[in-house]
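Chain by chain, the residues:
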Amino acid sequence: MSDPIGELARFAADEGLELREPETTGDFPSDPSIDYGRVVRRVPRAVARPRDQAQLVALVRRLGEGDLPWVVRGAGHSSGGQSLVEGGVVVDLGGLARIVDDDPAGETVTCEAGAFWLALVEQLRPQGRRPRALTANLRSSVGGTLAVGGFGDASHLDGLQIDHVRRLVLVTPDGVRRELGPADPLFRYTLAGRGQLGVMTEVTLATVTRPMVLAARQLRWGSLGEYLRDAAVIATYGLYDFLRARIALPGGGISAWVGRSQEDLAPEPGLALLRPSFVSPQERLDLHELLTRPPTEAWRKACPALEIVLPLPEGVTAWQTLAPLIADAGIPERQPLGHAVMVVRGDRRLPLAPLPGGTSSLMIALRPEMASGEVAAFLPPLEAIGQRAIALGARIYLMSIELGGLATQLGVEHARWRALKAEVDPKGLLAPGLLTR
Ligand SMILES: Cc1cc2nc3c(=O)[nH]c(=O)nc-3n(C[C@H](O)[C@H](O)[C@H](O)COP(=O)(O)OP(=O)(O)OC[C@H]3O[C@@H](n4cnc5c(N)ncnc54)[C@H](O)[C@@H]3O)c2cc1C
């Protein structure tokens, strides 16, 4: 009788590869059967942690010769079991976290994809630089966020993190290491492609020379419509390079921080173009201090996240349908600080980007926090809200609870993505299921 794990263990011993049995303690992030969301549990048979790119290539080639399903895990911060696999092998990218090259003159940095964004920030900050786009979670891996998209405080001007990838090394499931550029279909369908086509191993990202200390102020609006009008003005004229907003339900009021990477906001003639109901005095905001704060108690809770991206302007009407459903489901009580809202430049350069809008999209993050035992009660209403959103033209951010419906969301791109998957992973062993549901 075949013993695939025994064979893999012999291969690992020959290669000096770290291969361990999963420790299913229930502790995040060390337990490879759970992720940040704690919504699904899938118990793998082994966890492999390559220490360098050569070992990764050898491992992937070996996995491709066998029949075990496998999945890549960065920091495990998704909510729907994206980095989990039942009865297979979790490939932990934590050992591939080096900064490979830094080119200040060319404004790029190259790193291995298991690196956390935090490492890039610490590398670049002493030079007055930073990655062009950052999310609110620097303890996620570069590969893990590029596999879904990467929304951030500068997305109204700079789009998603995936827009700033200049070069990509992908190890496809046949064990081939491919150097890819933006014109390559594998490049285009890997970014925001949820780890379906291979392992992102090394990436070159655009950087920007911009301090991480901002002059900022708080603004408030009474409704989403009023906010969107001003967000469009802010984006069009580039009034602020920092925009972080939250919507409070059921009332629908919006509160935002706006700022610029400079000592003083004055002169600030653009403020006169906006119509907020409240304007705070100017404050100094240390983005580095904000983003590097240690994880809060909330990180211990379950989080069945559902992040909905609507096309603009038609998404405003869709939101009027969705907001009461969200309020009725008791989501706002589980996210008392409000739901992050972002207006994102949405030019669809990358086919799988979670951006349904032609020129602009609206992302609303439902991230309710709760005890693990409560998830079962919240899941059906969240799934219903997600399905309704898809029917209304939304794309669901792929780190969310899994809903299916990808063919509806992606149209013809879904078929192209599936065809590429069939080429590079004919046995369908890598992160199985997503494209067949
Ligand atoms: C507290 C918190 C705050 C957050 N804030 C934001 C935010 O502001 N903006 C935002 O956009 N998102 C945010 N997120 C979501 C987060 O960016 C995503 O969940 C992201 O996927 C996390 O990266 P990870 O390394 O944990 O990925 P994982 O969960 O480990 O993996 C995610 C997916 O990527 C695949 N993958 C991982 N590494 C690779 C690789 N090297 N090659 C190919 N596929 C790979 C996995 O197989 C999986 O499908 C937040 C999450 C949390 C928990």
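Check the entry above for the structure.
Quick caveat: nothing in here was measured; it's all calculated off a predicted structure.

Visitor: It is not clear to me how the overall build of the chain should be interpreted in this structure. Could you clarify?
Guide: A count of helical and extended segments in the chain gives 12 helices and 19 strands. Over its C-alpha atoms the chain spans a radius of gyration of 21 Å, differing by no more than 12% from the 22 Å that the globule rule assigns to 437 residues. Counting all 437 residues of the chain, 56% fall into the buried class. Of the contacts formed within the chain by residues at least 6 apart in sequence, a portion of 72% connects residues at least 24 apart. Total accessible area on the chain stands at roughly 17400 Å², and carbon and sulfur atoms take up 53% of it. The chain carries 47 positive and 50 negative side-chain charges, and their two centres are separated by 3 Å.

Visitor: Explain the site of the ligand here, please?
Guide: Around the ligand, the surrounding shell holds 34 residues, and the nearest of these are V72, H77, S78, S141 and Y397. One nitrogen or oxygen atom from the main chain of Q82 is found 3.4 Å from an oxygen atom belonging to the ligand. M200 has a polar backbone atom sitting 2.8 Å from a nitrogen atom of the ligand. Within the complex, 95% of the 960 Å² of free accessible area of the ligand lies under protein. Among the elements of the structure, strand 3 (70-73), helix 4 (142-146) and strand 10 (199-209) are those that each provide at least two residues to the shell around the ligand. The residue makeup of the shell around the ligand, split by class, is 15 nonpolar, 16 polar and three charged.

Visitor: What's the story with helix 3 (residues 117-124) in this structure? I'm lost.
Guide: At 3.6 residues per turn, the α-helix brings residues three or four places apart onto the same side. Restricting attention to buried positions, one finds in helix 3 the residues W117, L120, V121 and L124. Along the axis of helix 3, the buried residues cluster in a sector spanning 100 degrees; they form a single face. Each element contacted by the buried residues of helix 3 is listed here: strand 5 (99-103), strand 6 (108-112), strand 7 (129-131), helix 4, strand 10 and helix 8 (287-291).

Visitor: So what exactly am I meant to see when it comes to helix 12 (residues 412-424) here?
Guide: Across its 13 residues, helix 12 extends 19 Å between first and last C-alpha, which sits within 8% of the 18 Å expected from 1.5 Å per residue. Taken residue by residue, helix 12 has E413, H414, W417, L420, K421 and V424 as its buried positions. Looking down the long axis of helix 12, one finds its buried residues gathered within 125 degrees of arc, a one-sided arrangement. Summarising the geometry of helix 12, the exposed residues directed more than 90 degrees from the buried face are V412 and E423.

Visitor: Looking at this structure, I do not really get the pattern of salt bridges. What am I missing?
Guide: Pairing between side chains of opposite charge can happen when their charged atoms approach one another. Enumeration according to the criterion identifies 26 salt bridges in this entry. Close ionic contact of R194 with E402 constitutes a salt bridge, the shortest N to O distance being 2.2 Å. Of the two residues, R194 sits in the loop between helix 6 (185-190) and strand 10 while E402 sits in the loop between strand 19 (395-396) and helix 11 (406-410), which places them 208 residues apart along the sequence. For R194, a relative accessible area of 9% corresponds to the buried category.

Visitor: Got a minute to help me understand unusual backbone geometry in this structure?
Guide: Trans is the common state for peptide bonds, and a negative phi is the common state for residues other than glycine. The peptide bond linking L249 to P250 adopts the cis configuration, its omega dihedral lying at 10 degrees. Following the sequence through the fold, P250 ends up in the loop between strand 12 (242-248) and strand 13 (253-260). For the bond running from A266 to P267, omega is -5 degrees, close enough to zero to count as cis. Along the chain, the position of P267 falls in the loop between strand 13 and strand 14 (278-279). We note that R38 has phi near 55 degrees; this positive angle belongs to a residue other than glycine. Its place among the elements puts R38 in the loop between strand 1 (18-20) and strand 2 (46-49).

Visitor: Would you mind going over the packing of helix 9 (residues 315-328) against helix 10 (residues 375-391) with me for this structure?
Guide: Two measures define how a pair of helices packs: the angle their axes make with one another and the distance between the axes. Between helix 9 and helix 10, the least distance of the axes is 10 Å, while the angle of their chain directions is 180 degrees. As summarised for this structure, helix 9 and helix 10 are arranged roughly antiparallel, according to the angle between their axes. Where helix 9 approaches helix 10, its residues T321, L322, L325 and I326 are matched on the opposing element by I385, R388 and A389. For the contact of helix 9 with helix 10, a count of residues per class yields five nonpolar, one polar and one charged.

Visitor: Help me out: how do you make sense of the side chain of T110 in this one?
Guide: As for its placement among the helices and strands, T110 is situated in strand 6. A polar side-chain atom of T110 sits 2.8 Å from a polar atom in the side chain of T204. Here T110 is in contact with I99, V100, D101, R167, E202, V203 and T204, once residues within four sequence places are set aside.

Reading the values: the criteria
- Residues numbered from 1 in each chain as written.
- Predicted model: local features only at pLDDT ≥ 70, side-chain atom pairs only at ≥ 80, totals over all residues.
- Heavy atoms only, no water.
- Helix = DSSP H or I, 4+ residues; strand = E, 2+ residues; numbered from the N terminus.
- Rg over C-alpha atoms; globule rule 2.2 N^0.38 Å.
- Buried < 20%, exposed > 50% of the residue type's maximum accessible area, 1.4 Å probe, protein only.
- Contact = heavy atoms within 4.5 Å.
- Areas by Shrake-Rupley, 256 points an atom, 1.4 Å probe, with all protein chains shown as cover.
- Lys, Arg positive; Asp, Glu negative; His and termini not counted.
- Charge placed at Lys NZ, Arg CZ, Asp CG, Glu CD.
- Near = heavy atom within 4 Å.
- Polar contact = N/O pair within 3.5 Å; in protein donor to acceptor, adjacent residues only side chain to side chain.
- Nonpolar A, V, L, I, M, F, W, Y, C, P; charged D, E, K, R; others polar.
- Arc of directions from axis to C-beta.
- Expected span 1.5 Å × (residues − 1).
- Salt bridge = Lys/Arg side-chain N within 4 Å of Asp/Glu carboxyl O.
- Axes fitted to C-alpha atoms, helices over the stretch in contact; angles between N-to-C directions.
- Parallel < 35°, antiparallel > 145°, perpendicular 65-115°, else oblique.

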